[in-house]
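Single-letter residue listing:
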Number of protein chains: 2
Amino acid sequence: MRDVHVLDVTLRDGSHSMQHSYTEAQVRSVARGLNKAGIEYFEVSHGDGLGGSSLQYGLSAVDELKLIEAAVDECSVSKVAVLLIPGIGVKGDLQNAVSVGAKMARVATHVTEADVAAQHINLSRELGLKTAGFLMMAHMADTKVIIEQAKLFESYGAEIVYVTDSAGYLLPHEVTERIRALKEHVSCEIGFHAHNNLSLAMANTLAAIEAGATYIDGSLRALGAGSGNTQTEAIIAVLDRLNIATGVHLYDIIDVANDVMAPMMLRPQEISGSSLMMGYAGVYSSFLLHTEKAAKQFGVDERDILVELGRRKTVGGQEDMIYEVAQSIRATK
Amino acid sequence: MRDVHVLDVTLRDGSHSMQHSYTEAQVRSVARGLNKAGIEYFEVSHGDGLGGSSLQYGLSAVDELKLIEAAVDECSVSKVAVLLIPGIGVKGDLQNAVSVGAKMARVATHVTEADVAAQHINLSRELGLKTAGFLMMAHMADTKVIIEQAKLFESYGAEIVYVTDSAGYLLPHEVTERIRALKEHVSCEIGFHAHNNLSLAMANTLAAIEAGATYIDGSLRALGAGSGNTQTEAIIAVLDRLNIATGVHLYDIIDVANDVMAPMMLRPQEISGSSLMMGYAGVYSSFLLHTEKAAKQFGVDERDILVELGRRKTVGGQEDMIYEVAQSIRATK
């Protein structure tokens, strides 16, 4: 019996922090540990989802289908989930993932663009997968928009809709607001995915659960993009203390975090100044490189650029706006 | 105008993680950065407070009075606080600290032993210091006891009473309970000191502020005992987003965290399996070494020992109980 389903993203979101360099042996050992601990679903894909391996998003060292297949091979209890961002991944990628044993798909779009996911969610259901819609950068939309987008996901067949705090920007009361609104207006289950840029991942996770979320993402040792995610083993410990059943063994999840994952990590997952600023400004980590360049070029503080980009609700693909913002800050000096 | 006073403990609690090896140059550069950011008080002492340098608690590389004096010398805005645990430090230590410029004393006792602090708090007030009482291991007492102990502190002259979650054990609702009870029953200001063992430092800090705490501890890059403290620069960012005035400059506090403190750290502050278990069980980090030994000696899981020690509310000085507990676990196997 699980009151809350803790989905582990170490082998997907954590792939960002591993520079997409997971080996098959590494994936097998993490999968084995998660399975032993009794994790229900864990995600395996390129950090940017199926098909993400590319010059633009970073090349994977090993074909993700091989990694998914290896993970599936290690599991007797756990099931493997995949992430798909329409536009990066295509329907064929989903079919391939299913052919090697994936049992769940999370189809992710920007918080205002759920409509691009219709076909993928449909297909996922047809393939018999547990199917979720994943609303990224959820801080960029108010509850009215989030409800409307979640309803679209639901109409396509999603069984879970996630509020995804991609930039680690949301404050606990903003999480509560969003999850509560969804609980009131959609009938599928609600999930929450946190990032720790403001050191709020656990606070936001608890706010989400209290407001009715039943699917929660975590990552071993917090491994993930930016400042990482909510730390899986800490979630298990805290929910255990709160008498909220997760079905996961505390000692076993600590073992895979410490004995398996920690020694593989390229560096510990910290809240650095730049990731803190991402969370403060509400912009995605892919902006960082351009922002640094633009700051140097125009002789302005890169943090001022980030704050202004956040204010303008800039999204991925609008990288040229970074230089425009830098120039305008320079001009007003 | 400060709604909340963020007191930085990098140069005191952080000293644990630095193996008490701070040099004068390091202390000067951190002090300079904190002063520039507009921090009101920051603490400088051995990790276990004034007089802590010893074989038992770890020898300081540099005499703490020299470090306090150096820190004071760098400050035009910030004032230097010291921690004193009666029994480890003595009244003479306090007088010495004042003679080199300390302006605040925090007198710390186990949560049930405020009475041992009477003379030190009296003296601190006589010396003209801002004076606080610091209730350590606050999870080991219920609100009734905490109120009674806080009233003792207040009666000796404390201007602030801190709830100190030394083991990083408290859950947000337990923090709320304790702070709220104090707000109702004592008239001095209330402070809160978090540890991040369960990844709850920020959640608990916000719960404390919401319940009425006006003094909050933080540490640059979270540097502190166990899994460290609430990350100072993250607190500033979050309170800024919540429109709670701290009087601290965000960019400047990020600068000292990243450019000054991070490069000095012996290792990043993480939530490892053992520190997570400390928080889960509610025992202090000084037990770890003995627990490991006892686990090996009796062939039991050290985590079972920690959980049982927590259940028995074991405190520092009762290290021999660790072996007794290990033996009893072994016997019931």
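Residues numbered from 1 in each chain as written. Chains lettered and ligands numbered in written order. Predicted model: local features only at pLDDT ≥ 70, side-chain atom pairs only at ≥ 80, totals over all residues. Heavy atoms only, no water.

1. Describing the relation of the copies chain A and chain B
Next, step 1: Rotating chain A by 180° about the axis while translating it 0.0 Å along that axis superimposes it on chain B, leaving an RMSD of 0.0 Å. The symmetry that links the two subunits is that of a two-fold axis. Distance from the rotation axis, computed per C-alpha, reaches its smallest value in chain A at A:Ala203: 2.3 Å.
Next, step 2: When the interface residues of chain A are mapped onto chain B, 100% of them again fall at the interface, so both copies present the same face. (Least-squares fit on C-alpha atoms with pLDDT ≥ 70 in both. Contact = heavy atoms within 4.5 Å.)

2. A short note on helix α11 (residues 273-281) of chain B
Next, step 1: Judged by how many residues are buried, α11(B) sits mostly within the fold: 8 of 9 residues are covered.
Next, step 2: Looking at the packing, one finds that the buried side of α11(B) touches α9 (232-241) and α10 (250-264) of chain A together with α12 (288-298) and α13 (302-311) of chain B.
Next, step 3: Count one or two residues on from α11(B) and you reach B:Gly282, which has phi positive near 80°. (Buried < 20%, exposed > 50% of the residue type's maximum accessible area, 1.4 Å probe, protein only. Helix = DSSP H or I, 4+ residues; strand = E, 2+ residues; numbered from the N terminus.)

3. Structural notes on the nonpolar core
Next, step 1: In this structure, A:Phe42, A:Ile253, A:Ile305, B:Phe42, B:Ile253 and B:Ile305 are the most contacted members of the largest nonpolar core, which totals 220 residues.
Next, step 2: Beyond its immediate chain neighbours, meaning those up to four positions away, A:Ile253 contacts A:Leu34, A:Ala37, A:Ile39, A:Leu220, A:Thr232, A:Glu233, A:Ile236 and A:Val248. (Core = buried A, V, L, I, M, F, W, Y, C linked by side-chain atoms within 4.5 Å.)

4. Quick notes on the interface of chain A and chain B
Next, step 1: At the interface, 38 residues of chain A touch 38 residues of chain B.
Next, step 2: Counting each side, the surface lost to burial between chain A and chain B is near 3,400 Å², with a carbon and sulfur contribution of 60%.
Next, step 3: A per-residue breakdown of the area chain A buries against chain B is headed by A:Arg241, A:Tyr251 and A:Tyr280, which together make up 23% of the total.
Next, step 4: At the junction of chain A and chain B, the tally comes to 6 salt bridges.
Next, step 5: When the shortest N-O distance is used, the salt bridge between A:Arg221 and B:Glu270 registers 3.1 Å.
Next, step 6: Our enumeration of links across chain A and chain B arrives at 18 residue pairs in polar contact (both at pLDDT 80 or more). (Buried area = accessible area lost by both parts, 1.4 Å probe. Salt bridge = Lys/Arg side-chain N within 4 Å of Asp/Glu carboxyl O. Polar contact = N/O pair within 3.5 Å; in protein donor to acceptor, adjacent residues only side chain to side chain.)

5. What about the UniProt feature "binding site: substrate" (unreviewed entry) in chain A?
Residues and elements named next belong to chain A.
Next, step 1: In the numbering adopted here, UniProt assigns the feature "binding site: substrate" (unreviewed entry) to Arg-12, Asp-13, Ser-166, His-193 and Tyr-284.
Next, step 2: Setting aside chain neighbours within four positions, we find Arg-12 in contact with Glu-43, Val-44, Ser-45, His-46, Gly-47, Leu-83, Arg-106, Phe-134 and His-193.
Next, step 3: Here His-193 lies in strand β7 (residues 189-193).
Next, step 4: Beyond its immediate chain neighbours, meaning those up to four positions away, His-193 contacts Val-9, Arg-12, Asp-13, Phe-134, Val-163, Thr-164, Asp-165, Asp-217 and Asn-229.
Next, step 5: Within the structure, His-193 has its side chain in polar contact with the side chain of His-195 (distance 3.1 Å). (UniProt positions renumbered as here; feature names shortened; annotations may be inferred.)

6. Quick look at the domain arrangement of chain A
Residues and elements named next belong to chain A.
Next, step 1: Structurally, chain A comprises domain 1 (5-264) and domain 2 (283-331).
Next, step 2: A separation of 28 Å is found between the C-alpha centroids of domain 1 and domain 2.
Next, step 3: Taken residue by residue, the interface counts 8 residues in domain 1 and 6 residues in domain 2.
Next, step 4: Together, the buried faces of domain 1 and domain 2 total about 560 Å²; carbon and sulfur atoms form 66% of this surface.
Next, step 5: The three residues of domain 1 that bury the most area against domain 2 are Met-137, Met-140 and Ala-167, which together make up 58% of that side's buried surface.
Next, step 6: Across the domain 1-domain 2 interface, the total number found is 0 salt bridges.
Next, step 7: Where domain 1 meets domain 2, there are 0 residue pairs in polar contact (both at pLDDT 80 or more). (Domains from an automatic or database assignment.)

7. Comments concerning the side chain of B:Asn197
All names here are of chain B.
Next, step 1: Relative to the assigned elements, Asn-197 resides in the loop between β7 (189-193) and α8 (201-211).
Next, step 2: From its side chain, Asn-197 meets the backbone oxygen of Ser-275 in a polar contact 2.8 Å long.
Next, step 3: When sequence neighbours within four positions are dropped, the list of residues in contact with Asn-197 reads Ala-167, Gly-168, Gly-226, Ser-227, Ile-271, Ser-275, Leu-276, Met-278 and Gly-279.

8. Observations concerning the environment of B:Pro263
Residue and element names in this part refer to chain B.
Next, step 1: One can find Pro-263 in helix α10 (residues 250-264).
Next, step 2: Judged by its relative accessible area of 59%, Pro-263 is exposed.
Next, step 3: For the pair formed by Pro-263 and Asp-115, sequence separation is 148 residues and the distance between their alpha carbons is 41 Å.

9. Focus on the UniProt feature "active site" (unreviewed entry) in chain A
Residue and element names in this part refer to chain A.
Next, step 1: UniProt annotation of "active site" (unreviewed entry) refers to His-16 when read in the numbering used here.
Next, step 2: By secondary structure assignment, the location of His-16 is in helix α1 (residues 13-17).
Next, step 3: Apart from the residues lying within four places of it in its own chain, the contact partners of His-16 are Gly-47, Asp-48, Ala-225 and Tyr-284.

10. Quick look at the environment of A:Ala150
All names here are of chain A.
Next, step 1: Mapped onto the elements of the fold, Ala-150 is located in helix α6 (residues 143-156).
Next, step 2: In this structure Ala-150 comes out as buried when scored by relative accessible area, which is 0%.
Next, step 3: Here the alpha-carbon distance between Ala-150 and Gln-26, two residues 124 residues apart in the chain, equals 35 Å.
Next, step 4: In contact with Ala-150, not counting residues within four places along its chain, are Leu-135, Val-161, Leu-182 and Val-186.

11. Description of the packing of helix α13 (residues 302-311) of chain A against α10(B)
Next, step 1: At a minimum axis separation of 11 Å, α13(A) and α10(B) run at an interaxial angle of 125°. Taken together, α13(A) and α10(B) sit at an angle that is classed as oblique. Considering the relative orientation of α13(A) and α10(B), their crossing is right-handed. Every residue of α10(B) that contacts α13(A) at A:Arg303, A:Asp304 and A:Val307 is listed here: B:Tyr251, B:Ile254 and B:Asp255. (Axes fitted to C-alpha atoms, helices over the stretch in contact; angles between N-to-C directions. Parallel < 35°, antiparallel > 145°, perpendicular 65-115°, else oblique. Left-handed = near helix turned anticlockwise from the far one by under 90°.)

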